[in-house]
Amino acid sequence: MSSKSSSQGLATRLVKGGTSPVFEGGRAVNPPIVRASTVLFESMDALEDARHRRNNERMFTYGARGNPTGFALEDVVAQLEGGYRTRLFPTGLAAISMVFMAFVRPGDHVLIADCVYQPLRHFVDTFLRPWGIEVTYFRADGSDLAQQMRPATKLVYVECPGSLVYEMCDLPALAEIAHRHGALLVADNTWGSGMQYRPLVLGADVSVMAATKYLGGHSDVMMGTLTTTQDAWQPVATMCDAQGVAVSPDDAYLVLRGTRTLAARLAMHERHALEVAHWLVAHPAVARVYCPALADDPGHALWKRDCTGTNGLISFEFAKADPAAAARFVDSLDLFGIGASWGGFESLATVAKVANTRTCVDWSNAGPIVRLHIGLEDPRDLIDDLSQAFARIGDGL
Ligand SMILES: *Cc1c(COP(=O)(O)O)cnc(C)c1O
């Protein structure tokens, strides 16, 4: 990364990074899709030289080691995250699992925040624990992390803001605790997308993102990214190459295309989500709106200090305790799609079963919670839709 590019704004880097090579004449704005398994060399010497260097340098030597389209996306993501280098994965979850394969071994202990993306708990139960890695969970705000550190703790894993209800943690403080004990701090940065939140800049060693969400941005491609500081890089590169991790150049192209407009889309998601959030706060059927950008959210001070904005995600809790209300509400929506994931251009709604995804804090007394992803539609139409859904379930006034 040149010193010039490291001083540029993130929106500029999204537009200027990952460029095309020059063809006869000129170059395209975007890099070409390079489909390849075999890569040809001019001589055996050239082949041997590339093979020799590829463990430390990024070289195009074989399709399983990555392709130039993916390399262009890696460069953009590394700049976005403020990291040293990036590797790409077929899904966000695959990027997360690689973190553990690269950095922990049987006998090690890992601490994971209570608010993590739920399928990580499944990975813990089906892979980490059976393979002899000890795992404990700590509170989403990190308040008990220092007490829970052990001599065998190798890795601390956070997600900030957390899944579903967006708990904030003091990431620089948690990084300090982890490093004091010789452990790495890893962050799931899917919420922040490298635009709104930058864990590597705040002290984390590794950042993973589901590019499936805002980077792709159009609900038509799956991808994960893993970016590290220079010190943490080599174990990731070595394990990825050992396992043959690569993504299709077509998918990398789609994600790169999405990242070009990331700044513009996020600004619009944020504006629309805040408009809907403020409307929900004032609605009599709503007990609480979860979004760290709101002034009375418990994470607001940390959000203000560490984030540069928010995105399209908001969750809200019904004042009524009727557990069926959330599902009936979601079923009553017309404009919102019902489905998993988020980060595309369209609005989505789902029931957030927070109590089922937390083990450190008891959420069983909370009212039913709905998670909304606010898309790029006209927010007045979204509010009209929410309003009629409250009315339809008898919660209008
Ligand atoms: C969606 C998501 C993932 C997983 O991404 P996939 O591409 O769906 O595997 C990981 N972390 C968070 C916070 C997510 O929201």
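Residues numbered from 1 in each chain as written. Predicted model: local features only at pLDDT ≥ 70, side-chain atom pairs only at ≥ 80, totals over all residues. Heavy atoms only, no water.

- As recorded in an unreviewed UniProt entry, the chain goes by the name Cystathionine beta-lyase, listed as coming from Paraburkholderia agricolaris.
- Quoted verbatim from the Cofactor (unreviewed entry) field of UniProt, the annotation for the chain is "pyridoxal 5'-phosphate".
- Quoted verbatim from the Sequence similarities (unreviewed entry) heading of the UniProt record, the comment on the chain is "Belongs to the trans-sulfuration enzymes family." (UniProt positions renumbered as here; feature names shortened; annotations may be inferred.)

**Examining the sheet that holds strand E10 (residues 337-338)**
- One open sheet accounts for 5 strands, arranged E8-E9-E12-E11-E10; its pairing is mixed. Pairing within the sheet leaves two strands with one partner each, and these edge strands are strand E8 (286-290) and E10.
- Running over the sheet, helix H12 (residues 262-281) touches E8, strand E9 (313-318) and strand E12 (369-373) and is turned about 10° from E9. (Pairing = 2+ DSSP bridges. Helix = DSSP H or I, 4+ residues; strand = E, 2+ residues; numbered from the N terminus. Contact = heavy atoms within 4.5 Å. Axes fitted to C-alpha atoms, helices over the stretch in contact; angles between N-to-C directions.)

**A word on empty space enclosed by the protein**
- Tallied over the entire structure, the rule returns 2 cavities of 30 Å³ or more.
- Size it by volume and the largest cavity reaches roughly 140 Å³.
- Around the largest cavity, the lining is made up of 14 residues, and of these Arg54, Glu57, Arg58, Arg85 and Arg87 lie nearest the centre.
- Elements that contribute at least two residues to the lining of the largest cavity include exactly helix H4 (68-81), strand E1 (85-89) and helix H10 (233-243).
- The element that contributes the greatest number of residues to the lining of the largest cavity is H10, accounting for 3 residues.
- In terms of residue class, the lining of the largest cavity is built from 4 nonpolar, 2 polar and 8 charged.
- Approximately 90 Å³ is the volume found for the second largest cavity.
- Every residue along the wall of the second largest cavity is listed here: Arg65, Gly66, Asn67, Gly70, Phe71, Glu74, Arg87, Leu88, Val245, Ala246 and Val247.
- Sort the elements by how many residues they give to the lining of the second largest cavity and H4 lands first, with 3 residues.
- Of the residues in the lining of the second largest cavity, the class split is 5 nonpolar, 3 polar and 3 charged. (1 Å grid on protein atoms, 1.4 Å probe; cavity = no way out; pocket = protein on both sides within 12 Å on 5 of 7 lines; lining within 4 Å. Points joined across faces, edges and corners; volume = space filled by probe spheres on them. Nonpolar A, V, L, I, M, F, W, Y, C, P; charged D, E, K, R; others polar.)

**Quick word on the site of the ligand**
- The ligand sits among 14 residues. The nearest are Gly92, Leu93, Asp188, Thr212 and Lys213.
- One of the backbone N or O atoms of leucine 93 is found 2.9 Å from an oxygen atom in the ligand.
- Starting from 380 Å² of accessible surface for the ligand in isolation, the protein chains cover 92%.
- A majority-of-atoms criterion places the ligand in the largest pocket.
- Looking at which element gives the most residues to the shell around the ligand, the answer is helix H5 (residues 92-103), with 3 residues.
- The residue makeup of the shell around the ligand, split by class, is 6 nonpolar, 5 polar and 3 charged. (Near = heavy atom within 4 Å. Polar contact = N/O pair within 3.5 Å; in protein donor to acceptor, adjacent residues only side chain to side chain. Areas by Shrake-Rupley, 256 points an atom, 1.4 Å probe, with all protein chains shown as cover. Sits in = over half its atoms within 2 Å of the grid points.)

**A closer look at the pattern of salt bridges**
- Throughout the structure, instances matching the rule amount to 18 salt bridges.
- When the shortest N-O distance is used, the salt bridge between glutamate 74 and arginine 58 registers 3.0 Å. Separated by 16 residues along the polypeptide, glutamate 74 in helix H4 and arginine 58 in the loop between helix H3 (44-53) and H4 bring together distant segments of the chain.
- Exposure remark for glutamate 74: the relative accessible area of 7% places this residue in the buried category.
- Taking relative accessible area as the criterion, arginine 58 reaches 31% and is therefore assigned partly exposed. (Salt bridge = Lys/Arg side-chain N within 4 Å of Asp/Glu carboxyl O. Buried < 20%, exposed > 50% of the residue type's maximum accessible area, 1.4 Å probe, protein only.)

**Here we look at the sheet that holds strand E6 (residues 206-210)**
- If you trace the 7 strands from one edge of the open sheet to the other, you get E1-E7-E6-E5-E4-E2-E3, paired in mixed fashion. Lying at the two open borders of the sheet, with one neighbouring strand each, are E1 and strand E3 (134-138). On average, adjacent strands in this sheet sit at an angle of 20° to one another, irrespective of strand direction.
- In the sheet, strand E5 (residues 184-188) pairs with E6 via 3 bridges, with the strands oriented parallel. Across the sheet, aspartate 188 pairs through a bridge with valine 208, a residue of E6.

**As for the packing of H5 against helix H6 (residues 119-128)**
- Where H5 meets H6, the axes come as close as 11 Å, and the angle between the chain directions of the two elements is 45°. Comparing their axes, H6 and H5 come out oblique. Handedness of the crossing formed by H5 with H6: right-handed. Taken together, the residues of H6 that come into contact with H5 (itself represented by Leu93, Ile96, Ser97, Phe100 and Met101) are Pro119, Leu120, Phe123, Phe127 and Leu128.
- Residues belonging to the contact of H5 with H6 are distributed by class as follows: 9 nonpolar, 1 polar and no charged. (Parallel < 35°, antiparallel > 145°, perpendicular 65-115°, else oblique. Left-handed = near helix turned anticlockwise from the far one by under 90°.)

**Description of the domain arrangement of the chain**
- As assigned here, the chain comprises domain 1 (44-260) and domain 2 (262-396).
- Placing the centre of domain 1 and that of domain 2 at their C-alpha centroids yields a distance of 27 Å.
- Taken together, the 36 residues of domain 1 in the interface contact 40 residues of domain 2.
- Across the interface of domain 1 and domain 2, roughly 3,300 Å² is buried in total on both sides, 58% from carbon and sulfur atoms.
- At the junction of domain 1 with domain 2, the criterion picks out 2 salt bridges.
- For arginine 305, the salt bridge identified is with aspartate 170, shortest N-O distance 2.6 Å.
- Where domain 1 packs against domain 2, one counts 22 residue pairs in polar contact (both at pLDDT 80 or more).
- Those elements giving two or more residues to the side of domain 1 that touches domain 2 turn out to be E3 and helix H11 (249-260).
- With 3 residues, H11 is the single largest residue contributor to the side of domain 1 that touches domain 2. (Domains from an automatic or database assignment. Buried area = accessible area lost by both parts, 1.4 Å probe.)

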